[in-house]
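Structural characterization, general
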Amino acid sequence: MLVTVLLCMVPATTTRAADDECHTEQLKSARVTATVRLKHENEDYTKAEGRLTVKAPKSWSRAADLLLNGDTERYRTAMRCLLRYPDDPFPYRNTEGRTEPPKVTAEKKWVTVDQRVSTWVVSLQTRHFGPWSLTVGNRLWRLELMRPPALDGAWWQEVTVDLGGRAARSVSSAPTTGATTKLTWVREDAGGKPPDVRITLQPPAAKAWAARWSEHPWYVFDSIAWLPWYGALLALLLVTVRTVRRAPASVPPTDAETRTARNLLVISWLTFAVTLVQFFDDALLAHFAVQDTAVFWTDQHRTAVHFGLALLTGLALCVFGRPGRAAIVLVIAATGYVISVAGRPEWYALPSQLWLDWENFPDEVRWFRKNSAMIAFAGACACVVFVWLVGAAASVLRLWRSTDAPAPGPRGWSWGRFPHAVLVALVLVSGAVSAVSVWTAQNLWEHQSWLSRRNADEAYGLWHVASLFNEMRWFPSDWLDWFHGTYFWWWAPSLAVLAVLRARNKAAVPASALLPPAELRILKVFFVTCPAPVVGWYAGVPVPLPSLLALWLALTGLLALGAKRAVLYRKLLSGHRLHEVARESDRPRLLKAARRHRELHAQLRRLEQGQQDEDRSQLEHELDRLHRLPHPSPPSGLPNTWIRLPPSIGPVELALAWGPQATSWGNACRAAYFAALSSVPAVAILTWADHIRGSRWSDKFLQRFGFVEALTATVAMELIWVGAGFALGALWRILPGRRGPARASGLALVYAAPVLVQWTGDWIVDQSFGTWPLELSLTLLVLTLTGVAMDIDTFRGERRYWPTTASLLLSVYQWRTASVQVAFLVGQVVALVTIWQQLKGNDPMILIERGPSESTGGEGSGK
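Residues numbered from 1 in each chain as written. Predicted model: local features only at pLDDT ≥ 70, side-chain atom pairs only at ≥ 80, totals over all residues. Heavy atoms only, no water.

**Section: the nonpolar core**
Formally: The definition of a nonpolar core used throughout is a set of buried Ala, Val, Leu, Ile, Met, Phe, Trp, Tyr and Cys residues joined through side-chain atoms within 4.5 Å. Throughout, exposure labels follow a simple rule: accessible area from a 1.4 Å probe, protein chains only, divided by the maximum for the residue type, with under 20% read as buried, over 50% as exposed, and the rest as partly exposed. Only DSSP runs of H or I reaching four residues or more are called helices, and only runs of E reaching two or more are called strands; each is numbered from the N terminus.
Ranked by size, the top nonpolar core spans 144 residues in total, and within it Phe 307, Trp 479, Phe 527, Leu 654, Phe 726 and Leu 731 carry the most contacts. Looking at this core, the element that brings in the most residues is helix H10 (residues 373–401), giving 17 residues. By size, the runner-up hydrophobic cluster in this structure holds 46 residues, among which are Val 32, Leu 66, Ala 150 and Val 161.

Okay, structure coming up:
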C-alpha cells in the first residue's frame with residue numbers, strides 16, 4: 001500500500017517541481033488582461049493583433065528578474081513563466097510577430113509586463129501568438145485563449161475579443177458583455193476559474209481564399225497564373241524583333257541594327273527560360289516533393305538541385321555576356337567550388353543531403369560545428385551570387401555595347417571588355433550578400449527562439465546550429481527568385497530594346513522629324529517592359545493580364561489622340577500637317593519667331609495697362625506675320641505664298657513641340673537626364689515609405705536580402721522614372737498638349753491605368769492598396785517637372801538674357817498660362833503632403849515567418 005501511494009504521488013510531485021521554477025503560488029495575486037483584434041478590411045491577409053498585460057506582485061521571487069537584460073537566463077525564465085509554458089525549455093514560434101520586446105515597468109507594488117504581438121493568416125495552420133491560438137481551416141477558423149499554466153490561478157480581470165466586424169459561429173464560454181462582433185469576459189473579483197475562450201468564426205471569403213492559396217497544390221497555380229503574363233511579354237519582344245528586321249532604319253540595315261536585333265531575340269528567350277527555371281525551382285519542385293516524385297532529387301538532394309539550377313542560369317548569362325578572361329577564370333573557379341560542395345558535401349563536413357537533424361543525428365551536427373562547415377556552405381552561396389552577378393553585368397555590357405563596333409575574335413567570338421574594378425566589386429558584393437544572409441538568419445533565429453533555455457545546455461546548441469543551417473540551405477533558390485524574379489527579368493529586355501532604338505537612331509540618315517510607325521511600336525514595348533508597373537494580385541491569386549491589357553489600351557489611345565491633337569499633327573488650311581511644313585532646318589527661325597512673339601505680347605499687355613504708348617495695329621500686324629509659315633507647295637507663279645497657323649497654335653507652341661533637341665532620340669536622352677535629376681527626392685521619399693517607415697527598417701535585420709533589397713529597390717525606382725522620362729522625351733512630338741506638363745499628364749495617366757485596375761480589384765476583395773497613391777503622385781510630379789525642364793531647355797539659348805530660370809519659364813509660358821501650371825504643381829505638392837501624413841501614421845507590424853512564397857521556394861513578380 002505504501003508503494004502504491006508513492007507511485008500515485010509521482011505525477012503531482014513532477015508538477016510541483018515544474019511549478020516551483022515559477023513559484024506559481026506567489027502569482028495567484030497577479031492581475032491579467034488579454035485582448036485580441038482581427039482585422040480583415042484593407043489587408044492582403046487577415047491580421048490578428050494580440051496584447052497581454054500581466055501585473056505581477058513584487059513579492060514574486062522572479063519579479064526583479066523581469067528588469068534584467070534580455071540575454072540573461074533569469075530574464076528568459078521569468079518571461080517563460082508569464083508568457084509561455086515553463087516546462088518547455090525550447091519554446092519556438094515562427095508565426096508570432098513583435099515590433100519590440102515586452103515592455104516592463106516597475107511600480108510601488110507591481111511589476112507590469114505588456115506584450116504586443118501580431119500574426120498574419122497566410123496559410124492553413126495553427127498560429128500561436130501571445131496567449132492566443134488561431135487554427136485556420138478551409139472556411140472556418142477557431143480562436144482560443146491559451147493561458148500560461150503559471151497564471152492559471154491569477155486574476156484574469158478582462159479578456160476582450162474583437163472579431164473585426166464578423167459575428168462568431170460559436171462561442172464558449174458565454175461572454176460577460178459585448179456585441180456580436182466584440183465580446184468581453186470580465187471577472188469582478190479575484191478567485192474562481194479563469195474564462196475558457198473558444199470562438200469559431202467564418203472570415204471573409206477573400207481572406208479565407210488568400211490563406212488557402214499558399215497550400216498544396218494551390219501554390220503551383222501561382223506560377224501557372226504568371227506564365228501567361230511572361231508569355232505575353234515574350235510575344236511583344238518577339239514582335240519587336242520582327243518589326244526591327246522588317247522595317248530597318250536604313251537599307252540595307254547596319255551591323256549595329258543586326259546585332260541589337262539578335263541580342264534582343266536571344267535575351268528575350270533567355271530571360272523567359274530563366275523564368276521557367278525559377279518556377280520549376282520553387283513551386284513545381286515543392287509539388288514533386290509532396291507527391292514523392294523523383295525522391296532522390298526532390299527530397300534527398302533538393303538543395304543540390306537548387307545549387308545546380310541557380311548555377312546553370314548564371315552560367316547561361318555568362319555565355320551570353322562573354323565577360324573578360326579574368327572574369328571567366330574566376331567564374332570557372334567559383335563553379336568548380338559549388339559543384340564540389342553540392343556533389344561531395346562530406347569533404348567540407350557538411351551533411352550528405354545538406355540537411356541537419358539534430359534530434360536523430362546529433363553527432364553529425366557536432367561534426368558540422370567543430371569544422372565550421374557553415375563557412376564552407378556560405379562560400380558556396382557567395383560563389384553562386386558571383387556567377388550570377390558576373391553574368392548579369394556582362395550581359396548588360398554586351399547589350400549596351402552592341403551599337404558599337406565589336407572587338408575582333410575567332411569565328412565571331414569576342415572576349416568582352418570587363419573592367420577589373422567591376423570584377424573586384426562583384427567579388428566583395430558576393431561575399432557581403434552571403435555573410436549578411438547568415439547574419440540575418442541568426443537574427444531571425446534569435447527572434448523566434450528568444451525565450452529558449454540556452455546556458456549550459458548542449459541540446460540548445462545543436463538545435464541552434466541545425467536550424468541556422470537548415471534556414472540557409474534555401475539561399476540558392478531564394479537568390480534566383482529574388483534577383484531574377486524581381487529585377488533582372490525586366491532590366492535585361494529593357495536595355496536590349498533601348499539598344500535597338502539607339503542603333504536605329506544612328507542608322508537613320510537623315511533623321512525624320514517624327515517617329516516612324518516601327519519605332520512607335522518599339523517604344524510601346526519599351527514602356528511596357530521598363531517603366532510600367534506590374535500589378536494584378538488579388539486575394540493571393542495573381543491575375544496580371546487585365547492590368548497589362550489596360551496599360552496597352554491606354555498607351556494606344558494616348559498615341560491615337562496625339563495623332564489628332566498633337567501640335568505637329570494639326571492640319572493647315574492647305575491640308576498639310578505642321579510637321580510637313582515646319583522642318584528641322586527651320587528651327588532657328590522658329591525660335592526667333594517665338595521669342596519675338598513673346599516680346600510683342602508683353603508690349604500688348606503693357607499697352608493695355610497704359611504703361612506704353614505705341615501703335616496697337618502695328619503690333620498686331622507683326623504678330624499676324626509671325627503666325628504664318630511658307631506654303632509647302634505654292635501655286636505656280638506665286639513662290640512667296642504664306643499659310644496661317646491653326647487656331648490656338650502660335651510660334652511658341654510650335655517651338656515647344658519640337659523639343660530642345662534635333663531628333664526624337666535626343667529629346668528622349670534629354671528628358672531621361674531631367675527625370676534622373678528630378679526623381680532623386682522622389683526616390684528618397686518612396687524608399688522611406690516602402691523600406692524604412694515604421695517597423696519596415698527593423699524587418700531588414702530579419703530578411704535574407706533585406707538590406708540588399710533596399711539598395712536594389714532604390715536603383716530600380718530610379719531606373720523606372722528614368723525610363724518614364726525617356727519615353728516622355730521620345731514621344732514628345734507625338735503626345736497631345738501644348739506645354740510640357742500637359743504632355744506629362746497624359747503619360748502619367750497611362751502609367752496609372754494598370755494601377756487603377758489593381759485598385760478596382762483591391763476594392764472588390766477588400767485588399768490593401770499599399771503605397772500606390774504616393775507612387776502615382778510622385779510619378780506625376782517627376783514627369784511634370786521633366787516636362788517643364790524640357791520646355792525651359794528648348795529656349796536655353798535665352799538663359800543669359802534672364803536673371804533666373806523662373807523668369808524665363810514665365811516668359812515662355814506667358815503669365816496667364818503659367819499661373820495655371822503653377823497651380824497644377826502646387827496641387828500635386830499638396831496631394832503628396834496629404835499622402836505623406838497618412839503614411840506616417842500607418843506603421844506596419846512585422847511578420848516573423850517564412851512567407852507562402854518562401855515556403856515553396858518562390859516569390860511573386862513585380863517592379
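**Some points on unusual backbone geometry**
Following Ser 172, the chain continues to Ser 173 via a peptide bond in cis, the omega torsion being -5°. With omega at 0°, the peptide bond leading from His 216 into Pro 217 counts as cis. Locating Pro 217 in the fold gives a position in the loop between helix H3 (205–212) and helix H4 (218–246). Of note, the phi angle at Ala 349 is positive, near 65°, even though the residue is not glycine. Within the fold, Ala 349 resides in the loop between helix H8 (325–343) and helix H9 (362–370). Of note, the phi angle at Ala 539 is positive, near 50°, even though the residue is not glycine.

**Digging into the pairing of strand E7 (residues 141–145)**
Heads up, the rule is: Paired strands, as defined in this entry, are two strands with at least two bridges between them according to DSSP.
In terms of burial, E7 is largely enclosed, as four of its five residues are buried. Joining the antiparallel neighbours strand E6 (residues 132–136) and E7 is a turn of four residues. Relative to strand E12 (residues 198–201), E7 runs antiparallel, the two sharing four bridges. Bridging across to E12, Glu 144 finds its partner in Arg 198.

**A short note on the packing of helix H22 (residues 706–730) against helix H24 (residues 772–794)**
To be explicit about the condition: To define axes, lines are fitted to C-alpha atoms, for helices over the stretch in contact only, and angles between the resulting N-to-C directions are given on a 0 to 180 degree scale. In these notes the angle categories are as follows: under 35 degrees is roughly parallel, over 145 is roughly antiparallel, 65 to 115 is roughly perpendicular, and the rest is oblique. Should the near helix be turned counterclockwise from the far one by less than a right angle, the crossing is left-handed, whereas a clockwise turn marks it as right-handed. Residues are treated as being in contact if the distance between any of their heavy atoms lies within 4.5 Å. Nonpolar residues are Ala, Val, Leu, Ile, Met, Phe, Trp, Tyr, Cys and Pro. Charged residues are Asp, Glu, Lys and Arg, and all others, Gly as well, are polar.
Where H22 meets H24, the closest approach of the two axes is 10 Å, and the angle between their N-to-C directions is 45°. With respect to their mutual orientation, H22 and H24 come out oblique. Viewed along their axes, H22 and H24 form a crossing whose handedness is right-handed. Residues Trp 721, Ala 724, Gly 725, Leu 728 and Gly 729 of H22 lie in contact with H24, whose contacting residues are Glu 775, Leu 778, Thr 779, Val 782, Leu 783, Thr 786, Gly 787 and Met 790. For the contact of H22 with H24, the per-class residue count stands at seven nonpolar, five polar and one charged.

**Some points on the state of the cysteines**
Here is the rule we go by: For the purposes of this analysis, a disulfide is any pair of cysteine sulfur atoms at a distance within 2.5 Å.
In the structure shown here, the tally under the stated rule is one disulfide. Put simply, Cys 22 and Cys 81 are joined by a disulfide, and their sulfur atoms are 2.0 Å apart. The sign of the -85° torsion about the S-S bond sets the Cys 22-Cys 81 disulfide as left-handed. Of the two residues, Cys 22 is situated in the loop between helix H1 (2–20) and strand E1 (31–39) and Cys 81 in helix H2 (residues 73–83); the sequence distance between them amounts to 59 residues. The exposure classification of Cys 22 matches that of Cys 81, with both residues buried. Residue Cys 383 stays outside any disulfide, its sulfur separated by 9.2 Å from that of Cys 381, the closest cysteine. The class of Cys 383 is buried, set by a relative accessible area of 16%.

**Re the pattern of salt bridges**
As a reminder of what qualifies: The term salt bridge refers to a side-chain nitrogen of Lys or Arg lying within 4 Å of a carboxyl oxygen of Asp or Glu.
Evaluated as defined, the whole model comprises 29 salt bridges. In this structure, Arg 670 engages Asp 793 in a salt bridge whose closest nitrogen and oxygen atoms are separated by 2.9 Å. Of the two residues, Arg 670 is situated in helix H20 (residues 664–692) and Asp 793 in helix H24; the sequence distance between them amounts to 123 residues. Overall, the relative accessible area of 0% leaves Asp 793 in the buried class. Put simply, Arg 84, Arg 93, Glu 96 and Arg 98 are held in one network by salt bridges that share partners.

**What about empty space enclosed by the protein?**
Spelled out, the test is: With a 1 Å grid laid over protein atoms only, a set of points is called a cavity when a 1.4 Å probe fits there but cannot get out and a pocket when it is open yet has protein on both sides within 12 Å along at least five of seven lines; lining residues have an atom within 4 Å of a point. Grid points are joined across faces, edges and corners, and a volume is the space filled by probe spheres set on the points.
As enumerated under the stated definition, the model contains three cavities of 30 Å³ or more in all. Considering only enclosed or pocket space, the largest cavity measures out at about 70 Å³ in volume. Lining the largest cavity, in full, are Tyr 230, Leu 233, Leu 234, Leu 237, Ser 268, Thr 271, Phe 272, Thr 275, Trp 489 and Pro 493. Residue assignment for the lining of the largest cavity shows that the elements contributing at least two residues are H4, helix H5 (255–290) and helix H13 (475–507). Here the lining of the largest cavity is composed, by residue class, of seven nonpolar, three polar and no charged. Taken as a whole, the second largest cavity holds about 50 Å³ of empty space. Forming the walls of the second largest cavity are Trp 229, Val 528, Ala 532, Pro 533, Val 534, Val 535, Pro 544, Ser 547, Leu 548 and Leu 551.

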